Amino acid sequence: MKNLTIILLSLVGLFFVSSSNAQHASDPSLIAEGAKLYSQNCGRCHNARPASDYTKREWSVVMPHMREKAHMTGTESLAVEAFLNSTLTADVRNDVDSSGKVIQRTPQELIAQFGCQGCHVINGEGGNLGPTLDGVIESRGKEFVVKKLRDPKFNNASSAMPQFPMTDADIEAMISILK
Amino acid sequence: MKKIPIAAAVAAALTMTVAPNLQAEEGSSLDIGRFVIAGYGDVSYVETDNPDANSNVESRFVPIFLFQLSEKIHIESELEFSLGANGETEVEMEYADIHYFLNDNTTITAGKFLLPFGQFGPNIHPSWINKLPSGPGLYGHGGNGSLAPLVPVMSDTGINIRNSFNIGSSKLFTDFYVVSGPREEEEEVGGGGEGEEGGHGAIPEVGFEAGKGDNNSDKAFGGRVAYAFLPSIEVGYSFYNGSYSNDATLDYSASAIDFNWIGTYSTIRGEIIETSTDFLDEDDGEIDVFDRGGWYLQGSWQMRQLGKDALNPFELVLRYSEINDALEGERWTFGVNYWLEASTALKVAYEDTTLEDGDTDNRVFVQLAFGF
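The rules behind the values
Residues numbered from 1 in each chain as written. Chains lettered and ligands numbered in written order. Predicted model: local features only at pLDDT ≥ 70, side-chain atom pairs only at ≥ 80, totals over all residues. Helix = DSSP H or I, 4+ residues; strand = E, 2+ residues; numbered from the N terminus. Contact = placed C-beta atoms within 7 Å. pLDDT = per-residue confidence, 0-100. Axes fitted to C-alpha atoms, helices over the stretch in contact; angles between N-to-C directions. Parallel < 35°, antiparallel > 145°, perpendicular 65-115°, else oblique. Left-handed = near helix turned anticlockwise from the far one by under 90°. Nonpolar A, V, L, I, M, F, W, Y, C, P; charged D, E, K, R; others polar. Core = buried A, V, L, I, M, F, W, Y, C linked by C-beta atoms within 7 Å. Buried ≥ 20, exposed ≤ 12 C-beta atoms within 10 Å, placed from the backbone. Pairing = 2+ DSSP bridges.

The next subject is the overall build of chain A. A tally of helices and strands in chain A yields eight helices and two strands. For chain A, long-range pairs separated by at least 24 residues make up 61% of all intrachain contacts whose partners lie at least 6 apart in sequence.

Right, here's the structure in full:
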């Protein structure tokens, strides 16, 4: 009878769940949330895997497996997949205006676009999968940060940091707000 | 009465399948695939001074087949290929199950699945995830050396209902499952199996390997409830109970508390496990209980915290394991890992195991483990 009670109580809880609202996978807020969830969940059991370990299609099959393993909700799993996809595609590059001129995004827009604070602390806020970026220019130098943004594995082959599709101007913008 | 839990679980699951407010990932605009082979493997060299064991090289290949039938249905199976003593290929089905994503929070799993008991068994044991080349000695499935595991069961056949709830900035995870359960072992279990005689009287052997059938009408029931403050802290309580004798009068039960702290450069994990096995005392015909318990604590530290590029790939790991009450033993394991990729590590470890009779088993491991 005790077993039956436990099962029924757990099932009753299902009726209190709320349904999820689907977001488009390129929604910046979904990507930022995905980066945060990636940081929070992937390192719980193992080294976080870089997005480049699988293709976008492969991630779509791997993520349901990890949703179950990591106890993620469907919405969370979708957000992580959107984040991983965003690092594997070129369509998150800067927009162009009607004359074809690149509209340079602000550092704040870049941080949101690439989900940097999912894994790193910037201005006192962010995740802890990667080291804090507050003071990183002072401690490691500008050259180090530029190299890291261009090739995250240059000094650590097991780094989970994605190789973001950043332009030189994007990198300069990022450097401008890091200290 | 024993049949009611699984019947209730199945009935409730079917009822909720048609509930009106259910949706999972419908509306996804992501590029959808159908089939992936993931998995892991390892090559290990083990040097031991134990006269009952040989130094040797071992190799395993463990593919995981993942199929996405739809946004709600996912199928997975893990097979382990390894070499037998005479060079033959051994194949073991670790799990083969189907997930039905009932709604955003709930997953129903049916088939043979890894039991959500503690953390090491269901999540940490794959060699590219396990930070040491051996196991802590509390779980079955190899890697225990001369320690007699407390929980030989890793996977079984049945149904599991998994939930995840967000509570503010924390999360609540629940798993409740019904599986075929343990059985009375016909032959004596070697290698210090659960219930082995050890000066504690004649104790029936308990077998845990999932088979096609069940030796009694009773099912085992278990679960894990965990609370997490992600990304740093997760604490879980697990339980398992089932009858193993043919007449369903003798029970095996286990419970565990696991705790996990995950930092940017460091991790600390531990589990405390208690088990009880009923046995028939041949002297007075009464049912007595054989209790065993144990725990392990493991810490790891990535040297990249030092900010020296040459040390970035290195990780240090230390683990202590202890089994009490019967077939006692303790184990220290120290390891150094060199990470070639996020999922590939060269691991070197030294392990010192001391058993209750004073015997020791010292081993050196060199293992190349990879996940793919």
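A separate point is the confidence of the model for chain A. Residue and element names in this part refer to chain A. Taken as a whole, chain A shows an average pLDDT of 84; of its residues, 82% reach a score of 70 or greater. The lowest-confidence element of chain A is helix α1 (residues 2–12), averaging 52 in pLDDT; the highest-confidence one is helix α3 (residues 56–69), averaging 96. Overall, residues 14–22 carries pLDDT values under 50, and its contacts beyond four positions in sequence, including any with other chains, amount to 16 contacts.

Attention shifts here to the packing of helix α7 (residues 142–150) of chain A against helix α8 (residues 168–177) of chain A. All names here are of chain A. Interhelical geometry of α7 versus α8 gives an angle of 135° and a closest axis separation of 11 Å. One element, α7, and the other, α8, form an angle in the oblique class. The two elements α7 and α8 cross, and the hand of that crossing is right-handed. Contacts between α7 and α8 involve Lys142, Val145, Val146 and Leu149 from the first element and Ile171, Met174 and Ile175 from the second. Looking at the contact of α7 with α8 residue by residue, the classes come out as six nonpolar, no polar and one charged.

If you look at the biggest cluster of nonpolar residues, it comprises 40 residues, and the most contacted ones within it are Leu115(B), Leu138(B), Val151(B), Ile273(B) and Ile323(B). Put simply, the parts of the chain that give this core at least two residues each are β4 (89–101), β5 (106–114), α2 (120–124), β7 (170–179), β10 (220–229), β12 (251–262), β13 (266–280) and β14 (287–302) of chain B. Of all the elements, β7(B) adds the most residues to this core, at four residues. Aside from chain neighbours lying at most four places away, what touches Ile273(B) is Gly118(B), Leu138(B), Leu150(B), Val151(B), Ala254(B), Ala256(B), Gly293(B), Gly294(B) and Trp295(B). With 29 residues, the next largest nonpolar core counts Ala32(A), Ala51(A), Leu84(A) and Val36(B) among its residues.

The subject of this paragraph is the pairing of strand β17 (residues 344–355) of chain B. Residues and elements named next belong to chain B. Pairing of strand β16 (residues 329–341) with β17, which is carried by 12 bridges, proceeds in the antiparallel orientation. Bridged to asparagine 337 within β17 is lysine 347. Connecting β16 to the next strand, β17, in antiparallel fashion are two residues. Of the strand pairs in this sheet, β17 and strand β18 (residues 360–371) are connected by 11 bridges, and their pairing is antiparallel. Bridging from a neighbouring strand, glutamate 351 pairs with arginine 363 of β18. Hairpin connection, β17 to β18: the antiparallel pair is bridged by four residues, and glycine 358 has positive phi, about 95°.

The subject of this paragraph is the environment of Ile171(A). If you trace the backbone, Ile171(A) turns up in helix α8. Residues within four places of Ile171(A) in sequence aside, it is in contact with Val146(A), Leu149(A) and Met166(A).

In this section: the packing of helix α2 (residues 28–41) of chain A against helix α4 (residues 74–86) of chain A. All names here are of chain A. At their nearest, the axes of α2 and α4 sit 7 Å apart, and the two run at 100° to each other. When the interaxial angle is binned, α2 and α4 end up roughly perpendicular. Contacts from Leu30, Ile31, Glu33, Gly34, Ala35, Leu37 and Tyr38 of α2 reach α4 at Glu76, Ala79, Val80, Ala82, Phe83 and Ser86. Looking at side-chain class alone, the contact of α2 with α4 contains nine nonpolar, two polar and two charged residues.

This brings us to the environment of His65(A). Here His65(A) lies in helix α3. In sequence terms His65(A) and Pro162(A) are 97 residues apart; their C-alpha atoms lie 21 Å from each other. Setting aside residues up to four positions removed in sequence, His65(A) forms contacts with Leu66(B), His74(B) and Glu76(B).

All names here are of chain A. Here glutamine 163 shows up in the loop between α7 and α8. Owing to 16 C-beta atoms within 10 Å, glutamine 163 belongs among the partly exposed residues under this scheme. In this structure the C-alpha to C-alpha distance between glutamine 163 and proline 50, which are 113 residues apart in sequence, comes to 8.8 Å. Apart from the residues within four sequence positions on either side, glutamine 163 is in contact with Ser52, Asp151 and Pro152.

The subject of this paragraph is unusual backbone geometry. The omega angle of the peptide bond from Leu230(B) to Pro231(B) is 10°, so this bond is cis rather than trans. Tracing the chain through its elements places Pro231(B) in the loop between β10 and β11 (233–243). The backbone phi angle of His71(A) is positive, close to 60°, even though this residue is not glycine. Summarising the element assignment, His71(A) is placed in the loop between α3 and α4.

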